[in-house]
Amino acid sequence: MYTAFFFVFGLVVGSFLNVCIYRIPIEKSIVYPPSSCPKCNTQIKWYDNIPVLSYIILGGKCRQCRSKISPIYPLIEILTGFITVLIYLKFKLSIQTAAFLIFSYALIVGSFIDLKHYIIPDRISLGLIAVGVAFSYFLPIGLKGSLIGAASGFVILYGVALLGELLFKKEAMGGGDIKLLSGIGAFLGIKGVLFVLLFSSFLGSLIGIALITAGKKELTSKIPFGPYLSLAAVCYPFFGEWIIKFIYGI
Ligand SMILES: [Zn+2]
């Protein structure tokens, strides 16, 4: 019963995350005005703004001008719905569920902005640090664990960035990634940071090789790293601790 509720809740939140992804980089308000078609500017009626369903009913086109609506919108809604259910199933009705929902929603927004614009807004990364530290008081990692996590995320990636610049004489790691891992550390603690570094590099190489082989990217292409950090971070509560224990024995 609750599972269905959390799924629908996730779809509705996903619809709002779409608005954030679209508007935060262009510095528009995320609450006003209501959504409109980017082509013909017609305001979207509430009955055409129902997550996933409206997209299917309208055949992926604007009701007024019939221009195509990107399938990314319903996909983000479905993704958000699934992540919401998984977190609820893991943590049930608890403060941890609330914390990890906010955490995942911010990471979804940050990732899709990074994919599109190659930036991670401070509102997302610094916001995660602030909210993570505030929530930590109620979470198993505690305030100290959260502060150490945030600091270690920052220091480790900053070190990687410096080293990369020394070795390759070009920017290897953006400031946005450094702040994002700090925010992730504020929620997951230092073990989470270790897992995220490990798993995101693994995912990054795997997907990077796949894209290069498929001829979609070249070795020198710019590939944003934020989505990998985020994906690894969302996975951490489900199997990260187990993997860290397996590898490092801590
Ligand atoms: Zn239109």
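Residues numbered from 1 in each chain as written. Predicted model: local features only at pLDDT ≥ 70, side-chain atom pairs only at ≥ 80, totals over all residues.

Enquirer: Quick rundown of the overall build of the chain? Include the residues and the values.
Expert: Looking only at helices and strands, one finds 8 helices and 0 strands in the chain. Its C-alpha atoms give the chain a radius of gyration of 19 Å, near enough to 18 Å, the size a compact globule of 250 residues would have. By principal-axis analysis of the C-alpha atoms, the chain measures approximately 55 × 45 × 30 Å. Every one of the 250 residues in the chain was classed for burial, and the buried ones make up 36%. The contacts in the chain between residues at least 6 apart in sequence include a share of 67% that link residues at least 24 apart. (Helix = DSSP H or I, 4+ residues; strand = E, 2+ residues; numbered from the N terminus. Rg over C-alpha atoms; globule rule 2.2 N^0.38 Å. Buried ≥ 20, exposed ≤ 12 C-beta atoms within 10 Å, placed from the backbone. Contact = placed C-beta atoms within 7 Å.)

Enquirer: Can you tell me about the domain arrangement of the chain, naming the residues and giving the values?
Expert: Splitting the chain by domain gives domain 1 (1-93) and domain 2 (120-250). Taken together, the contacts link 4 residues of domain 1 with 5 residues of domain 2. Tallied by class, residues from the side of domain 1 that touches domain 2 come to 3 nonpolar, no polar and 1 charged. (Domains from an automatic or database assignment. Nonpolar A, V, L, I, M, F, W, Y, C, P; charged D, E, K, R; others polar.)

Enquirer: Mind laying out unusual backbone geometry, listing which residues take part and the relevant values?
Expert: Cis geometry marks the peptide bond from Tyr32 to Pro33, where omega comes out at -5 degrees. Summarising the element assignment, Pro33 is placed in the loop between helix H1 (2-23) and helix H2 (53-57). Of note, the phi angle at Val52 is positive, near 60 degrees, even though the residue is not glycine. In this structure, Val52 sits in the loop between H1 and H2.

Enquirer: Break down the packing of helix H4 (residues 95-117) against helix H5 (residues 122-136) for me, citing the residues and quoting the values.
Expert: The N-to-C vectors of H4 and H5 enclose an angle of 175 degrees; their axes lie 10 Å apart at closest approach. By the angle between their axes, H4 is roughly antiparallel relative to H5. Contacts between H4 and H5 pair Ala99, Ile102, Phe103, Ala106, Val109 and Gly110 from the former with Ile124, Ser125, Gly127, Leu128, Val131 and Phe135 from the latter. Split by residue class, the contact of H4 with H5 holds 9 nonpolar, 3 polar and no charged. (Axes fitted to C-alpha atoms, helices over the stretch in contact; angles between N-to-C directions. Parallel < 35°, antiparallel > 145°, perpendicular 65-115°, else oblique.)

Enquirer: Explain the packing of H5 against helix H6 (residues 142-168) to me, and be specific about the residues and the numbers.
Expert: Contact geometry for H5 and H6: axes closest at 7 Å, N-to-C directions at 155 degrees. When the interaxial angle is binned, H5 and H6 end up roughly antiparallel. Note on element contacts: H6 touches H5 through Gly142, Leu143, Gly145, Ser146, Leu147 and Ala150, opposite Ile129, Gly132, Val133 and Ser136. Among the residues making up the contact of H5 with H6, the classes are represented as 5 nonpolar, 5 polar and no charged.

Enquirer: Outline the nonpolar core, supporting the account with residue identities and numerical values.
Expert: Among the nonpolar cores identified, the biggest contains 49 residues, and Val109, Ile184, Val196, Leu229 and Ala233 are the most heavily contacted of them. Looking at this core, the element that brings in the most residues is helix H7 (residues 175-213), giving 13 residues. Structurally, this core is a two-domain feature, drawing no fewer than three residues from each of domain 1 (1-93) and domain 2 (120-250). In contact with Leu229, not counting residues within four places along its chain, are Asp177, Leu180, Leu181, Ile184, Val196 and Ser200. (Core = buried A, V, L, I, M, F, W, Y, C linked by C-beta atoms within 7 Å.)

Enquirer: Mind laying out the environment of Phe100, listing which residues take part and the relevant values?
Expert: With respect to the helices and strands, the residue Phe100 is situated in helix H4. Each C-alpha atom, one on Phe100 and one on Ser152, is 20 Å from the other, the two residues being 52 residues apart in sequence. Excluding residues that lie within four positions of it along the chain, Phe100 makes contacts with Ile87, Phe91 and Pro237.

Enquirer: Give me H1: which residues, what numbers.
Expert: For H1, which comprises 22 residues, the first-to-last C-alpha distance of 31 Å matches the rise-based estimate of 32 Å (1.5 Å per residue) to within 8%. Within the span of H1, buried status applies to Phe6, Gly10, Leu11, Val13, Gly14, Ser15, Leu17, Asn18, Cys20 and Ile21. Here the buried face of H1 lies against helix H3 (72-91) and H4. (Expected span 1.5 Å × (residues − 1).)

Enquirer: Account for the environment of Pro34, naming residues and giving values.
Expert: Here Pro34 lies in the loop between H1 and H2. The exposed category is assigned to Pro34, around which 11 C-beta atoms lie within 10 Å. Placed 15 residues apart in sequence, Pro34 and Val19 show a C-alpha to C-alpha distance of 9.4 Å.

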